[in-house]
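Spelled out from the first residue to the last, the chains are:
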Amino acid sequence: MGQAKLLKTTVILPRIETHEAVSKLAEFEWFHPLQNASEHSNPYFDDLLLNAQKLFQDIDEVIRSLGIPTEIGIMTTLFKGAPQKRTDYKINDIQSFIVELEKKSKVLLEEPISLLKTQQQTEKELEEYRNARDAIGSASKLKMELSGLRSLKTFFAEIFIVNSKDIKEIQNSFSDLIVYPYKLNDDKSSITVIGSQEDSEKVMKVLRSFNVHPIQIPSDLPQNPSTAYDKCQKICKELEKKSAEITKKIEKLKVTLLPKLLSLYESSKIAKDVLEVTRKPGGTKNFAVIQGYIPVSMERRFETLTKSYVSVTEPAYLDSNPNNQLPTLLFNNRYTKTFEVITETQGIPSPGEVDPTPIIAFVWPVFYGLMFADFGHGLLLFGLGMFLRFRANGNLKTWATLLAASGAAATIAGLGVGEMFGFHILEINIFGYVLEPLDGLVGILNVSELTFDQVVNILKVSVAIGIVHLLMAMLLKLRADILKRNKLAVLTHDIPYIIQFLAVVALILAAIGSGYDIIGMFGITGVTHDEPVPWLTYMFGDWVTVDLVAKATPPIIIATAGIMIYGGKKEQELAAKHGHDEGAGLMGIVIEVILVRIIEILSNVISYTRIGIMLLVHSALLVTVNQSYETGGGLAVLIGGNIGIMLIEGLIVYIQTIRLHLYEWFPKWYMGEGVEFKKLIPKKVYSNLVWSEKQSS
């Protein structure tokens, strides 16, 4: 587990054969190309890339027009399931791959493209007739032939639709013309204006001031408003029916072709991306130089595939060129790999940096399990995760596995607290018999009665877990500075900070042991506290008392603070020497070390009490639901309450678990500035590339 060792590879070949080499690298897959582009190109390669881009664009356009998401959502996965079937593509090289994709797309997209064009044309016609119907609508009661009226040569005659309240004013404006009004409804009326041809301009000008225009009926419709309106209505109904039928066909076709369409989309994108990444490798006009990184374990296979060219492999080192930064390839087992999604939220580890994934794989279930500890809820969450994992694909499958792991942890922790849906598990007959051999372990962290002692014990366990987690982060920071040979940071920051942290923690535990007599434990009140210190007395013996810890820790805290202040001053002097900002000066360092860092330690430790608090909240909610059930609430209250608690608490516990990592743990040691190792052929969800034996030989 951790980071895989890499080799830097260099392949030299005639530029005209670039596409053949890229085909072999695509078959190899585990190749992270370096971006050393040159101005030289291979015309054949460029044509191949254009074909791939056009193919992907055509497929993408159909996918978008059909409304098919390229990633299946969680709700669709739960109720319908994500496509599991993969399409095999038997190929010799990238060129034959693109040719096969073009053939498949031509056959597969023919019907959807035809339906989409028909639907588009139908919608266009429907919109035109709807607009015509709306324009004629207010004049639909008129049974007058407009073409005959407008064909008069001696007279000007036109029909307008106006607001009924404007008729009198319009008539006054045309006192010397014939104006015939006809009421269509409460708001609208038609007016027929008749005059000489010389009056036409005056009529149009006046009516434009009322925002009124002559009735216009499309030439392909009868020029009788009533007849034209009826025909528009009829055509609209026919087109709406046709559009609905086409939509049904498209939806049915989407279900039938979904896996094949997604496979075609994924494969065409792979072909396009591979050619875009490797388009113009470095080198000269006639010879190309392709460089990249491969895992050490793949060296022999790489040499076999590239034996036709000049191929050189060498150990990979950090490169100062930001474009060619050494990538990071995480190498974890199947279980641990699930938790890489949490690591990725903070960034990929740099080469040489510790991969936090194995630690998260252990710590995450502990945190989540304790906060969501219930045997019944854990089993249901585990079942939901496994069900979703079975029906999901791609990245969602990983999150489903994480959900199942969290549920399994909650189930085990549920045994520890002895709870199942808020009831004590040993009081349930069947479980009481089955779990009898584990009687000493089941319910060891009992939260059923919520007494003061139980609450204190739970918070003690939470704080202890937090101390271990934070100490782990500090030790990892110490390790990183030792590897960097940063003696100043190691001696004046890392080691003193760890000692100071342990001293502050010991002081907190002493305060708990003294019964929270914080002032008295320092001897100010004259009382000597010889009580044992939680955890410390058990670990080191009875000689460790509250009085001893209270006297020993303050000098240690002050001494470590002094060392860190000295180290901070030295760091500022070094920064000034190299022309960097000196910072806030000595006073700023003193304030940061004495106030900020000590308060930060206290807040960090206290922050982990949320583990116990969430457990107590979970238990209290279940007690409330069960009491409501026992006092006559019925099964609806019991079932509904448990479902509500699972939904709300499950999400809150996830947020708290991720928070403890992102805000308390990661910032203390982790940089996460690495570049992910990207295979030339990424992980495929809907397709398989089957390379011919000839290509592999």
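Scroll up for the structure.
Everything numeric here is computed off the predicted structure, so don't read it as measured data. (Residues numbered from 1 in each chain as written. Predicted model: local features only at pLDDT ≥ 70, side-chain atom pairs only at ≥ 80, totals over all residues. Heavy atoms only, no water.)

**Overview of the pairing of strand 3 (residues 87-91)**
Here is step 1 of the chain: The alternating pattern of strand 3 places T87, Y89 and I91 on a buried face, while none of D88 and K90, on the opposite face, is buried.
Here is step 2 of the chain: Note: strand 3 against strand 14 (residues 687-691), 5 bridges, orientation parallel. Its bridge partner being in strand 14, I91 is matched across the sheet by W691. (Buried < 20%, exposed > 50% of the residue type's maximum accessible area, 1.4 Å probe, protein only. Helix = DSSP H or I, 4+ residues; strand = E, 2+ residues; numbered from the N terminus. Pairing = 2+ DSSP bridges.)

**Thoughts on unusual backbone geometry**
Here is step 1 of the chain: The phi angle at E29 is positive, at roughly 70 degrees, despite the residue not being glycine.
Here is step 2 of the chain: Tracing the backbone through its elements, the reader meets E29 in the loop between helix 1 (18-28) and strand 2 (32-33).
Here is step 3 of the chain: A positive phi angle, near 60 degrees, is found at R485, a position not held by glycine.
Here is step 4 of the chain: Among the secondary structure elements, R485 is positioned in the loop between helix 17 (452-483) and helix 18 (487-513).

**Focus on the side chain of N393**
Here is step 1 of the chain: Here N393 shows up in the loop between helix 14 (375-391) and helix 15 (395-417).
Here is step 2 of the chain: A polar atom in the side chain of N393 sits 2.9 Å from the backbone oxygen of P83.
Here is step 3 of the chain: Among all residues touching N393, those that are not within four sequence positions of it are A82, P83, V685 and Y686. (Polar contact = N/O pair within 3.5 Å; in protein donor to acceptor, adjacent residues only side chain to side chain. Contact = heavy atoms within 4.5 Å.)

**What to know about helix 4 (residues 94-108)**
Here is step 1 of the chain: Taking 1.5 Å of rise per residue, the 15 residues of helix 4 would be expected to cover 21 Å, and the 21 Å separating its terminal C-alpha atoms lies within 8% of that figure.
Here is step 2 of the chain: I94, F97, I98, E100, L101, S105 and L108 are the residues of helix 4 that are buried. Down the axis of helix 4, the smallest arc covering the buried residues is 160 degrees, so these residues share one side. When the buried face of helix 4 is taken as reference, the exposed residues oriented beyond 90 degrees from it are K103, K106 and V107. (Expected span 1.5 Å × (residues − 1). Arc of directions from axis to C-beta.)

**Some points on a nonpolar patch on the surface**
Here is step 1 of the chain: Together, Y629, L635, I639, I643, L647, I648 and I652 give the surface a local cluster of nonpolar side chains, amounting to about 670 Å² of exposed area.
Here is step 2 of the chain: Checked against the element boundaries, I643 lands in helix 22 (residues 609-665). (Patch = residues over 30% accessible without salt bridge, like charges linked within 9 Å, V, L, I, M, F, W, Y side chains within 5 Å. Areas by Shrake-Rupley, 256 points an atom, 1.4 Å probe, with all protein chains shown as cover. Salt bridge = Lys/Arg side-chain N within 4 Å of Asp/Glu carboxyl O.)

**Describing the environment of L476**
Here is step 1 of the chain: For L476, the position within the fold is in helix 17.
Here is step 2 of the chain: C-alpha of L476 to C-alpha of Y686: the two residues are 210 residues apart in sequence and 40 Å apart in space.
Here is step 3 of the chain: Setting aside chain neighbours within four positions, we find L476 in contact with V354, I359, W665 and W669.

**Overview of the environment of T338**
Here is step 1 of the chain: Take T338: it is sitting in the loop between helix 11 (334-337) and helix 12 (340-346).
Here is step 2 of the chain: Sequence separation between T338 and L402 is 64 residues, and the spatial gap between their C-alpha atoms is 6.2 Å.
Here is step 3 of the chain: Excluding its chain neighbours within four sequence positions, the residues that come into contact with T338 are T398, T401 and L402.

**Focus on a negative patch on the surface**
Here is step 1 of the chain: A surface patch of like charges, here negative, comprises E123, E127, E128 and D220.
Here is step 2 of the chain: Examined against the element boundaries, E128 turns out to sit in helix 5 (residues 110-137). (Lys, Arg positive; Asp, Glu negative; His and termini not counted. Charge placed at Lys NZ, Arg CZ, Asp CG, Glu CD.)

**Here we look at the state of the cysteines**
Here is step 1 of the chain: In this structure the tally under the stated criterion is 0 disulfides.
Here is step 2 of the chain: Summary of cysteine pairing: C232 is not part of a disulfide, and the nearest cysteine sulfur, belonging to C236, is at 6.2 Å. (Disulfide = S-S within 2.5 Å.)

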